Amino acid sequence: MNSVFSNKKAIMIFVLPTLLLFCTIVLIPIVVSAYYSLLDWNGISKGTFIGLDNFTQMFQDPRALKSIYNSLLFAAASIFIQLPISLLLALILASSVKGEGFYRTVYFLPVLISTVVVAQLWSKIYNADYGLLNTMLENIGLSSLAQDWLGQKDTALAASFIPTLWQYMGYHMLLMYAGAKSISQDIFEAAKMDGASRMRTAFAITIPLMKPILKVCLVFSVIGAFKVFDLIYVLTGGGPLFSTEVPSTLMYTTIFGTYQYGYGSAISVFIILECLIVTVLINKFFKIE
Amino acid sequence: MKTAEVRLRKKTTFIRNIIIQAFLIVVAIVQIYPLIWLAFFSLKDNSEIFSGDVLGLPDKFLWSNYSKALSDGNVLTYFFNSVLVTSISILLVLILSSMTGYAITRMNWKLSSVTMTTILLGMMVPIQATLLPLFMVLKNLHLLNTYWSLIIPYVAFGIPMAVFILGSFYKGIPREMEESAVMDGCGIYRTFFSIILPLVRPAIATVAIFTFLSCWNELMFAVTFINKESYQTLTVGMMSMVGTYITQWGIIGAGLMITTLPTVIIYLVLNRQVQQSMIAGAVKG
């Protein structure tokens, strides 16, 4: 029996191809990226080793700082706007309202659509002259508010956050809904017997018991904000005047637009570190509580 | 007194339900109307989009936008490429991860838990961090502008999640299943392929759906590793199409609809399974 399940040859056949592929494509490139980030390199000539200069440059580059600031704003907006809305919807749907399944299906639909399509769609919605948003504003007599949402420095960042909110709200809603549904019904019945109101039940019982899934949502939304690329790349390309620039779009233009391979790699290393630190911090925070 | 109280409570419940339903419906409209609006303008011509009823149904349904997008806009090529890249990626992810997940969770060897940890580490890696090194490797191997330049990374990045999901399913299978198979004279391969694999069919479906969504919608690798139009996938194709047909919204809309419809159809058919696969992907603890 044991000889069958510790058949060395079979284990090799089952594991080795996967492990080789995974290491070459996922793990080793990260080490390589870290190495590139220490070079002054344009991709053509040989790179010269410059230590941490790329990182120093990054923290003095107003464009890079702006991009980090923007991604922090994105993260904050996800935490304080997107997650509360998702939580509210999840709690309502989990309390067995009429049409529960239908609403869940509809809210979740945008999650599955390619971000390229979402970005194109919203750029049409925001179109200054014929877009859905301005037309609607005109129809309800608020034509003074109509403007070029993506074309102006002041509104562009907020306008690029809305599609993310729209697209991923349903995802967090679904995760939280699953979390709420997995709580034993007995607890709710006991609360009802004790005369706890719905509000009270939600804050004193449901939400505390949903902590594991809330942690997952928090990690996902913050990391998602740090990694955001597709949407910004298609919607604004980082403009106007870098007002919607995020680290990943900056990394992309630095590498493939201006051929600063070393500097671009430094930004990509920064993105990994950022994600790693935030995951650790959130895990720590939830343990302390 | 009692009945009045009951009646009052019923009344407040009734009103509360109406308010909740109204709220849910408003959110539903916000979530779904942009997509309906997209479907509408994919059937309109420019003059109607720009000066007609922006919000509502098209006057005449211009199905020609779709045929134009398919023929002139190359959407058919993009569509074929997306189908090809996505289906090969799904197949390879399933083959590799089902075997690896099995060896890690059910077979006895010293390094199994180290291997699992290493692979799960991959779930935390942002793909941005590997973009440039992968670009250099693919360039040196002359794989840029081939289907493999997308399939290989898609498979590699799909593996962690797949091994995780399949692994947790394997763990739930009772040992006796394997023991009796071996008693009956099955070798390890036979046990795996004809006893175990059929048992984890739901997990296989979950992984397939998950891999489909991430490959079908991927943009960063697709835009970096491919610049020949004949190999572009739908996401990249859509970007270049918008550039070409910048003033013809109807055709762009049709292209966007063609990109989106397969996903929506799969979702509507496999609703429950899709939602479960997204949940399974998240709750890795």
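Residues numbered from 1 in each chain as written. Chains lettered and ligands numbered in written order. Predicted model: local features only at pLDDT ≥ 70, side-chain atom pairs only at ≥ 80, totals over all residues. Heavy atoms only, no water.

If you check an unreviewed UniProt entry, chain B appears there as Carbohydrate ABC transporter permease from Paenibacillus polygoni. Listed in UniProt under the heading Subcellular location (unreviewed entry), the comment for chain B reads: "Cell membrane". Reading the Sequence similarities (unreviewed entry) entry of the UniProt record for chain B gives the comment "Belongs to the binding-protein-dependent transport system permease family." (UniProt positions renumbered as here; feature names shortened; annotations may be inferred.)

Taking an unreviewed UniProt entry as the reference, chain A is identified by name as Sugar ABC transporter permease belonging to Paenibacillus polygoni. Chain A has a UniProt comment under Sequence similarities (unreviewed entry) that states "Belongs to the binding-protein-dependent transport system permease family." The record in UniProt for chain A states the following under Subcellular location (unreviewed entry): "Cell membrane".

## Overview of the UniProt feature "transmembrane region" (unreviewed entry) in chain A
All names here are of chain A. Sequence positions flagged by UniProt for "transmembrane region" (unreviewed entry) are, in local numbering, residues 12-36, 68-94, 106-123, 157-180, 201-226 and 261-282. Secondary structure within residues 12-36 divides into 100% helix and 0% strand; the distance between the first and last C-alpha atoms comes to 33 Å. When the span residues 157-180 is considered, its composition is 100% helix and 0% strand, and the gap between its end C-alpha atoms is 33 Å. (Helix = DSSP H or I, 4+ residues; strand = E, 2+ residues; numbered from the N terminus.)

## Here's the deal with empty space enclosed by the protein
Summed over all chains, the structure comprises 3 cavities of 30 Å³ or more. Elements with a minimum of two residues in the lining of the largest cavity: helix H1 (2-41) and helix H2 (46-51) of chain B. Split into classes, the residues belonging to the lining of the largest cavity amount to 6 nonpolar, no polar and 2 charged. Forming the boundary of the second largest cavity are Leu112(A), Ile209(B), Phe212(B), Leu213(B), Thr263(B), Ile266(B), Tyr267(B) and Val274(B). Those elements giving two or more residues to the lining of the second largest cavity turn out to be helix H10 (201-217) and helix H13 (249-269) of chain B. Class assignment for the residues of the lining of the second largest cavity results in 7 nonpolar, 1 polar and no charged. (1 Å grid on protein atoms, 1.4 Å probe; cavity = no way out; pocket = protein on both sides within 12 Å on 5 of 7 lines; lining within 4 Å. Points joined across faces, edges and corners; volume = space filled by probe spheres on them. Nonpolar A, V, L, I, M, F, W, Y, C, P; charged D, E, K, R; others polar.)

## Side note on the packing of aromatic side chains
The final tally for this structure, using the stated rule, is 32 aromatic pairs over all chains. Where Tyr171(A) meets Phe220(A), the ring centres are 6.2 Å apart and the plane angle is 10°; that geometry is what we call stacked. With Tyr171(A) in helix H8 (residues 153-181) and Phe220(A) in helix H11 (residues 211-227), the pair connects residues that are 49 residues apart, well separated along the chain. A relative accessible area of 25% places Phe220(A) in the partly exposed class. Taken together, the ring pairs in this structure connect Phe14(A), Tyr102(B), Tyr170(B), Tyr189(B), Phe192(B) and Phe193(B) into an aromatic cluster. Above the plane of the ring of Trp249(B) lies Lys124(A), whose end atom (NZ or CZ) is 5.0 Å from the centre. Positioned over the ring face of Phe5(A) is Arg175(B), at 5.0 Å from the centre of the ring. (Phe/Tyr/Trp six-rings, centres within 6.5 Å; stacked < 30°, edge-to-face > 60°. Buried < 20%, exposed > 50% of the residue type's maximum accessible area, 1.4 Å probe, protein only. Lys NZ or Arg CZ within 6 Å of the ring centre and 35° of its normal.)

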